Amino acid sequence: MVIAAWSPPAMLALLLWGVSTFLPKVAVRTLSPFHMVVYSSGFFLCGATAVVVSRGFHVSFDPKGVLLGISVGILGTIGQTLYLFAIRHAKMTGVTAVSALYPVVATVLAFFILDEGLTWRQTAGIILGICALVLTTMANDHKTKQ
Amino acid sequence: MIIKLNNSWLLFSLGTLLFWGGWSFLPKIALQILSPDGLLFYEAVGGLLASLPVLFFLNGKLEKDRKGIIITACTSSLNIVAILAYFYALRLGPVATIVTMTAMYPVITLALARIFLRERMNRLQLLATTMALAAIVLLAG
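Quick look at the structure, then. Every value quoted in this text rests on a predicted model; they were computed, and no experiment measured them.

**Section: the overall build of chain B**
Thinking step 1. Counting its regular elements, chain B contains 6 helices and 0 strands.
Thinking step 2. Reading the helices (α) and strands (β) of chain B from amino to carboxyl end gives α-α-α-α-α-α.
Thinking step 3. For a compact globule of 141 residues, the expected C-alpha radius of gyration is about 14 Å, and chain B comes in at 18 Å, more than 25% above that figure.
Thinking step 4. Dimensions along the principal axes, computed over C-alpha positions, put chain B at roughly 45 × 45 × 35 Å.
Thinking step 5. When the 141 residues of chain B are sorted by exposure, 48% land in the buried category.
Thinking step 6. Considering only contacts within chain B whose residues lie at least 6 apart along the sequence, 44% involve residues at least 24 apart.
Thinking step 7. Counting every atom, chain B has about 7,300 Å² of accessible surface; 68% of that belongs to carbon and sulfur.

Structure follows, in structure tokens:
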């Protein structure tokens, strides 16, 4: 059996993202979300700097690129803060089902901002994603009433 | 039928969905100007800038629970390695397959929650989660 060269790193990314989405649930038991966000940002900057420096620091200083890059970090951190507050008070199953649907938002933004057409697969994905959101809400509502 | 958004976790989850939606979309534009390394670096700078008001709000005093700090450090390290592995995979193989494969990470998260946290799902939750995963696969393709 021949394993494609891209397969091991892709599998590694899949595994690590899965674990790194789970681990905060354990950490948030002993650290409050705000404190975790500050620590996380510090560690991420240290790690990213180490990686970039070790690869020769080929970083562009284009103002538009810098602004976009920083915006990515700000959006990600606000999202992470809300995620930590969500998992602190709820089961991971519900939070993961809702928050993992962020590609729906990205696809809709790409449609409106970049004029990227929607394939039938993406359209079906958006509809299914919205149904999943409604169903998760209903499942939670049902549980609350019990 | 009226669906009540009276639970804070749901509002926080929907907020996460919106902000992570923006976070996953912006790199499409940013990578036209920046290299993956550059984006990783500025993303980290942006993350620190966003956490500064939080640090100010906390009066600069951080909890010092060792276990929590170690787990947070591990999470950040895993994230960086995952991002690099993802970029490396993208350089070697087909984008659609790789995006689909890596987008399945909630399966790992849910499996870990089942094994270590003993979280169970009722039928409605199971159906919702299955639909969410199917939606992710469709969107990634």
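**Here's the deal with the nonpolar core**
It is characteristic of soluble globular proteins that their nonpolar side chains tend to be buried jointly.
Thinking step 1. In this structure, W17(A), M92(A), V95(A) and L101(A) are the most contacted members of the largest nonpolar core, which totals 64 residues.
Thinking step 2. The dominant element in this core, judged by the number of residues it contributes, is helix α1 (residues 7-27) of chain A, at 9 residues.
Thinking step 3. In contact with M92(A), not counting residues within four places along its chain, are T21(A), F22(A), K25(A), Y83(A), I87(A), T109(B), L110(B), A113(B), L117(B) and E119(B).
Thinking step 4. Formed by 16 residues, the second largest nonpolar core is a distinct cluster that contains L68(A), A30(B), L34(B) and L39(B).

Calculation notes
Counting from 1, residues in each chain are numbered in the order their sequence is written. Starting at A for chains and at 1 for ligands, labels are handed out in the order in which the entities are written. In keeping with the predicted nature of the model, local features appear solely for residues at pLDDT of at least 70, side-chain atom pairs appear and are counted solely at 80 or more, and the whole-chain, interface and lining totals rest on all residues. To obtain the side-chain values, all non-hydrogen atoms of the structure were included, while hydrogens and water were left out. Helix and strand definitions here come from DSSP, where helices need a minimum of 4 consecutive H or I residues and strands a minimum of 2 consecutive E residues; each element is numbered from the N-terminal end. Based on C-alpha atoms, the radius of gyration is set beside the globule rule, defined as 2.2 Å times the residue count to the power 0.38. Buried, partly exposed and exposed residues are distinguished by accessible area as a fraction of the type maximum, computed with a 1.4 Å probe on protein chains only: under 20%, between the cut-offs, and over 50%, respectively. Only heavy atoms enter the contact rule, under which two residues are in contact if any of them lie within 4.5 Å. Areas reported as accessible are Shrake-Rupley estimates using a 1.4 Å probe. Residue values count occlusion only from the protein chains shown. We define a nonpolar core as any set of buried Ala, Val, Leu, Ile, Met, Phe, Trp, Tyr and Cys residues linked to one another through side-chain atoms lying within 4.5 Å.

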